[in-house]
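Observations on the three-dimensional arrangement
Here are the chains, one letter per residue:
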Amino acid sequence: MTPKPPLYARIEAKLRDAIAEGRYPVGTLLPTEAELCASLKVSRHTIREALRRLVEAGLVERRQGAG
């Protein structure tokens with residue numbers, strides 16, 4: 001039995017899928033950290049790690065104060 005990936009990795013995969021499916025087209029904003037925390041019922045730390053990995057992969061760009 002293989003262990004489950006960490007929660008941040010599962011959220012990262014979920015967001016990658018949403019981006020690939022066009023739910024977040026190029027140039028649109030993802031939900032805020034607070035909105036993601038509330039909708040996914042996870043901590044801000046978990047969301048920040050998932051988003052950090054998406055930034056590293058070049059899939060999203062972070063802009064402080066942009067939304």
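Values in this document were obtained by computation on a predicted structure and should not be read as measured data.

The next subject is the nonpolar core. The biggest cluster of nonpolar side chains holds 11 residues, and these are Ile11, Leu15, Ile19, Leu36, Cys37, Val42, Ile47, Ala50, Leu51, Leu54 and Val60. Listing elements by their share of this core, those giving two or more residues are α1 (7–20), α2 (33–40) and α3 (44–56). At 4 residues, the largest contribution of residues to this core is made by α3. Leaving out residues up to four positions away in the same chain, Ile11 has contacts with Leu40, Val42, Thr46, Ile47 and Ala50.

This paragraph deals with unusual backbone geometry. Of note, the phi angle at Lys41 is positive, near 55°, even though the residue is not glycine. With respect to the secondary-structure elements, Lys41 resides in the loop between α2 and α3. For Lys41, a relative accessible area of 72% puts it in the exposed group.

The next subject is the packing of α2 against α3. Helix-helix packing is characterised by the crossing angle of the two axes and by the distance between the axes. For the pair α2 and α3, the least separation of the axes is 9 Å and the interaxial angle reads 115°. Here α2 runs over α3; the crossing is right-handed. Residues Glu33, Leu36, Cys37 and Leu40 of α2 touch α3, and the partners they reach there are Arg44, Ile47, Arg48 and Leu51.

Quick notes on the rules
- Residues numbered from 1 in each chain as written.
- Predicted model: local features only at pLDDT ≥ 70, side-chain atom pairs only at ≥ 80, totals over all residues.
- Heavy atoms only, no water.
- Core = buried A, V, L, I, M, F, W, Y, C linked by side-chain atoms within 4.5 Å.
- Buried < 20%, exposed > 50% of the residue type's maximum accessible area, 1.4 Å probe, protein only.
- Helix = DSSP H or I, 4+ residues; strand = E, 2+ residues; numbered from the N terminus.
- Contact = heavy atoms within 4.5 Å.
- Axes fitted to C-alpha atoms, helices over the stretch in contact; angles between N-to-C directions.
- Left-handed = near helix turned anticlockwise from the far one by under 90°.

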